[in-house]
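Now for the letters of each chain:
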Amino acid sequence: MALEELSSSSITAGLATSLIGRKVVYFPRLPSTMDAARLEVRRGTAEGTVIIAGEQTEGRGRLRRTWLSPSGNIALSIVLYPDIACLPYLVMIASLAVAYSIETVTDLKTRIKWPNDVLIGGKKVCGILIENKVRANRVDYAVVGIGINVDLKIADVAGIAATATSLKDELDRNVLKKNVIRNLLTEFERLYQLLPTGESIYRAWRARLETLGEKVAVTSGGSVLEGIAESVDETGALVLRQADGTLNRIVAGDVTLHHND
Ligand code: BTN
């Protein structure tokens, strides 16, 4: 199959949302959709605007990492103007929306690794980055960036085969990106409209986390904490119990599972 060419209209045709994706801007190539989304914010763009790139040359990930974003993958950012109380739920909404859309379009089973990596068979298929600006307890904007490995042949990229996967590698066939994106935007809107009450979102996200009850190492702010990932609270923080019984509440970090310990 020839590489699928995306466009704004190929995504908006048949998209039945009223907020998320009411404006879709497609660029064949961008440094990062996060910066293009922030530029849209400065121009006063409406909530729900989606920026999509065919490929990114300077895609970025959480914790200052780079994010590989060749053509064939999905790279998009969604502009939101949420109430400050809703901010913690964006991580949950984004990861659930990706998980649901992949399951709808492909029948593959997904899990979430705290806080928001979407996994298939224990390997990462999607990363999510949220950037926001808050002033005097008001959210100026939040940009939710989502990268999904769709057409990437993982074996072609050095060093990621043990930890990453793509829809194509899992299925051994091509998946139409526009179908995944339309489903994703629809699920995102459905969940976002449940706010400001986030209880059901929190419960669905917690139920899909693969991390809970496991022995883990969490890298956070330059230090590594080991213990049992006991729970997550409603703000999305991970509650880690160390061997001496101490409880730590971790708001950002990277989890490694210690399956064999
Ligand atoms: C991570 O797992 O570290 C998060 C990766 C987030 C990647 C997406 S791709 C679309 C958006 N633009 C970026 O530069 N990053 C996010």
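Criteria and cut-off values
- Residues numbered from 1 in each chain as written.
- Predicted model: local features only at pLDDT ≥ 70, side-chain atom pairs only at ≥ 80, totals over all residues.
- Heavy atoms only, no water.
- Helix = DSSP H or I, 4+ residues; strand = E, 2+ residues; numbered from the N terminus.
- Rg over C-alpha atoms; globule rule 2.2 N^0.38 Å.
- Buried < 20%, exposed > 50% of the residue type's maximum accessible area, 1.4 Å probe, protein only.
- Contact = heavy atoms within 4.5 Å.
- Areas by Shrake-Rupley, 256 points an atom, 1.4 Å probe, with all protein chains shown as cover.
- Lys, Arg positive; Asp, Glu negative; His and termini not counted.
- Charge placed at Lys NZ, Arg CZ, Asp CG, Glu CD.
- Pairing = 2+ DSSP bridges.
- Right-handed = clockwise from strand over helix to strand, strands pointing away.
- Near = heavy atom within 4 Å.
- Polar contact = N/O pair within 3.5 Å; in protein donor to acceptor, adjacent residues only side chain to side chain.
- Nonpolar A, V, L, I, M, F, W, Y, C, P; charged D, E, K, R; others polar.
- Domains from an automatic or database assignment.
- Buried area = accessible area lost by both parts, 1.4 Å probe.
- Axes fitted to C-alpha atoms, helices over the stretch in contact; angles between N-to-C directions.
- Arc of directions from axis to C-beta.

A. Summary view of the overall build of the protein. Within the protein one finds six helices and 12 strands. At 18 Å, the protein has a C-alpha radius of gyration in line with the 18 Å of a compact globule built from 261 residues. Expressed as lengths along the three principal axes of its C-alpha atoms, the size of the protein is roughly 55 × 45 × 30 Å. Considering the protein as a whole, with its 261 residues, one finds that 52% of them fall into the buried category. Sequence-distant contacts, at least 24 apart, represent 65% of the contacts inside the protein between residues at least 6 apart. Accessible surface, the protein: about 12,000 Å² in total, of which carbon and sulfur atoms supply 49%. The averaged location of the 30 negative side-chain charges in the protein is 4 Å from the averaged location of its 31 positive side-chain charges.

B. Representation of the pairing of strand E2 (residues 50–56) in the model. Most of E2 is tucked away: six of the seven residues are buried. Strand direction decides the pairing type here: strand E1 (residues 24–30) and E2, joined by six bridges, are parallel. Paired with Phe-27 across the two strands is Ala-53, which belongs to E2. In terms of handedness, the path from E1 via helix H2 (residues 33–42) over to E2 forms a crossover that is right-handed. Bridge count between E2 and strand E3 (residues 74–80): four bridges; the pairing is antiparallel. Following the sheet pairing, Ile-52 is matched in E3 by Leu-76.

C. Quick look at the site of the ligand. Taken together, 20 residues lie near the ligand, and Ser-32, Gln-56, Arg-60, Arg-62 and Lys-124 sit nearest. Within the contact set of the ligand, a nitrogen atom lies 3.0 Å away from a side-chain nitrogen or oxygen of Thr-33. When the ligand is considered free in solution it has 410 Å² of accessible area, and contact with the protein chains removes 99% of it. Contributing elements (two or more residues each) for the shell around the ligand: H2, E3, strand E6 (123–135) and strand E7 (138–148). Per element, the largest residue contribution to the shell around the ligand is four residues, and it comes from E6. Residues that form the shell around the ligand fall into these classes: seven nonpolar, nine polar and four charged.

D. Structural view of the domain arrangement of the protein. Looking at the assigned domains, one finds that the protein contains domain 1 (8–208) and domain 2 (215–257). A C-alpha centroid distance of 24 Å is found between domain 1 and domain 2. Counting residues at the interface gives 14 residues for domain 1, matched by 14 residues for domain 2. Taken together, the two surfaces of domain 1 and domain 2 that pack against each other cover about 1,100 Å², and 55% of this comes from carbon and sulfur.

E. Geometry of the sheet that holds E6. Sheet architecture is open: seven strands sit in the order E1-E2-E3-E7-E6-E5-E4, paired in mixed fashion. Among the strands making up the open sheet, the edge pair consists of E1 and strand E4 (111–113). Here the strands of the sheet are splayed against their neighbours by 20° on average, with no regard to which way each runs. Bridge analysis of E6 against E7 gives 10 bridges, and the strand direction is antiparallel. Across the sheet, Gly-127 pairs through a bridge with Gly-147, a residue of E7.

F. How the structure looks around the pairing of E3. Among the seven residues that make up E3, seven are buried, leaving the element largely enclosed by the rest of the structure. On E3, burial covers both faces: Ile-74, Leu-76, Ile-78 and Leu-80 on one face and Ala-75, Ser-77 and Val-79 on the other are all buried. Bridge analysis of E3 against E7 gives seven bridges, and the strand direction is antiparallel. By the bridge assignment for E7, Ala-75 is matched with Gly-147.

G. Focus on the side chain of Thr-165. Position of Thr-165 among the secondary structure elements: in the loop between E7 and helix H4 (167–171). Residue Thr-165 is classed as buried on the basis of its relative accessible area of 3%. Filtering out sequence-adjacent residues up to four positions away, Thr-165 remains in contact with Ile-120, Lys-123, Lys-124, Val-125, Asn-149, Ile-154 and Glu-170.

H. Summary view of helix H6 (residues 199–208). The complete set of buried residues in H6 reads Ile-201, Tyr-202, Trp-205 and Arg-208. Buried residues of H6, seen end-on, are gathered within an arc of 135° and therefore sit on one face of the element. Turning to H6, the residues buried within the fold contact helix H3 (87–106), E4, helix H5 (177–192) and strand E9 (223–232).

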